[in-house]
Amino acid sequence: MDLEKSFDELLEHLHEYNEHLFFEAGSTDGETMDLIITACGDKAYFGEAYRLVEAAPEIAGWNVIALKPPMGRYFKTDYYGIYLDTEKIGFVPLDNSEDPHAIGIRVFMDYDESTYGLCYEAAIMIINTILGEKATAELIDYVEIAKINGEEEAAPISELPEYIRWRITGGR
């Protein structure tokens, strides 16, 4: 049985349990595989992901993890044909006068208007990778994207965890 067919079967069984859960699989150390059960940032299904992982049997050579953990600040990847380099992506905080405690950010990245939706998804993927799925869903209230124009005074996206920590501690 090839790996792709095995993953297709796993997704089919996972969706029998809950159609809102998905998975990612990979290895960060080259030895142990990680199977990450994700709710794709939808807080309504976090509990289901945790319950499933809690009930999962131990499998030699595998870690089964609920929700995407933070995986690093500096990376390059191809997201459905969109090349992303976190060293070339920045952000600025957004204020909300109606809810001053809400945390919003504008992510500056290079994109084409015809791929706006895909680029927005890519921005969320970058934030999830840097902060982790749970922190992104629970701490970030609003995200928008904008084109890099060279005039913005954006902080590097890699500094997002420090900004979030600063905001939730009241600027201390």
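On to the pairing of strand β2 (residues 33–38). Burial analysis of β2 places five of its six residues in the buried class, which makes it a mostly covered element. Turn length for the strand β1 (residues 22–26)-β2 hairpin, with the two strands adjacent in sequence and antiparallel, is six residues, and the turn residue G30 shows positive phi of about 80 degrees. Relative to strand β3 (residues 62–66), β2 runs parallel, the two being bridged by five bridges. Across the sheet, residue I37 finds its bridge partner in β3, namely A66.

Before going further, it helps to examine the packing of aromatic side chains. On inspection of all chains with the given rule, the structure shows five aromatic pairs. Measuring from ring centre to ring centre gives 4.9 Å for Y79 and Y80, while their planes differ by 85 degrees; the resulting arrangement is edge-to-face. Accessibility expressed as a relative area gives 16% for Y79, which makes it buried. Of the residues examined, Y80 reaches a relative accessible area of 64% and is grouped as exposed. For the ring pair Y111 and Y116, a centre distance of 5.9 Å and an interplane angle of 65 degrees mean the geometry is edge-to-face. Given the relative accessible area of 35%, Y116 is considered partly exposed. Put simply, the rings of F91, Y163 and W166 pair up and form one aromatic cluster. The ring of Y111 has K147 sitting right over it, with the charged end atom 5.9 Å from the ring centre.

Here helix α5 (residues 160–168) has its buried residues at L160, P161, Y163, I164 and R167. Down the axis of α5, the buried side of the element spans an arc of 160 degrees, and every buried residue falls inside it. If you follow the buried residues of α5, they end up packed against β6 (90–94), β7 (104–109), α3 (116–131), α4 (133–139) and β9 (155–156). Positioned one or two residues after α5, G170 has a phi angle of 75 degrees, which is positive.

One finds L84, V107, M109 and L160 to be the most contacted residues of the largest nonpolar core, which totals 26 residues. Of all the elements in the fold, those that place two or more residues in this core are β5 (82–85), β7, α3, β8 (142–147) and α5. It is α3 that contributes the most residues to this core, eight residues altogether. Setting aside anything within four residues of it in sequence, one finds L160 in contact with F91, I105, I127 and L131. Counting twelve residues, the second-largest nonpolar core is a separate cluster that includes F23, I37, A39 and V53.

This part is about the confidence of the model for the protein. Averaged over every residue, the pLDDT of the protein is 92; the share at 70 or more is 99%. Mean pLDDT values for the elements of the protein range from 90 in helix α1 (residues 3–17) up to 97 in helix α2 (residues 46–55).

So, on to a negative patch on the surface. There is a patch of like negative charges on the surface, built from D2, E4, D8, E9, E12 and E16. Structurally, the position occupied by D8 is in helix α1.

Conventions adopted
- The numbers attached to residues start from 1 for each chain and follow its sequence in the written order.
- pLDDT decides what is reported in this predicted model: residues at 70 or higher carry local features, side-chain atom pairs at 80 or more are listed and counted, and totals for whole chains, interfaces and linings draw on all residues regardless.
- Working from all heavy atoms in the structure, the side-chain values ignore hydrogens and water.
- Here's how the labels work: a residue is buried when its accessible area is under 20% of the maximum for its type, exposed when over 50%, partly exposed in between, all with a 1.4 Å probe on protein chains only.
- Runs of H or I in DSSP of at least four residues are treated as helices and runs of E of at least two as strands, each being numbered from the N terminus.
- Strand pairing follows a simple DSSP-based rule, namely that at least 2 bridges must link the two strands.
- When two rings of Phe, Tyr or Trp (its six-membered ring) have centres within 6.5 Å they constitute a pair, described as stacked for plane angles under 30 degrees, edge-to-face for angles over 60, and tilted for the intermediate range.
- Definition used: whenever NZ (Lys) or CZ (Arg) falls within 6 Å of the ring centre and also within 35 degrees of the ring normal, the charge is taken to sit over that ring.
- In this description, one arc is meant: the one made by directions from the helix axis to the C-beta atoms.
- Contact definition: two residues touch when any of their heavy atoms are within 4.5 Å.
- As used in this record, nonpolar core signifies buried Ala, Val, Leu, Ile, Met, Phe, Trp, Tyr and Cys residues forming a set joined through side-chain atoms within 4.5 Å.
- Scored from 0 to 100, pLDDT records how confident the predictor is in each individual residue.
- Like-charged residues are merged into a patch within 9 Å and nonpolar side chains (Val, Leu, Ile, Met, Phe, Trp, Tyr) within 5 Å, provided each residue has over 30% relative accessible area and no salt bridge.
- Only the protein chains shown count as cover for residues, and all accessible areas are computed by the Shrake-Rupley method using a 1.4 Å probe.
- One speaks of a salt bridge when a side-chain nitrogen belonging to Lys or Arg is within 4 Å of a carboxyl oxygen belonging to Asp or Glu.
- Counting rule for charge: Lys and Arg are taken as positive, Asp and Glu as negative, and neither His nor the chain ends is counted.
- For charged residues, the charge sits on one atom: NZ in Lys, CZ in Arg, CG in Asp, CD in Glu.

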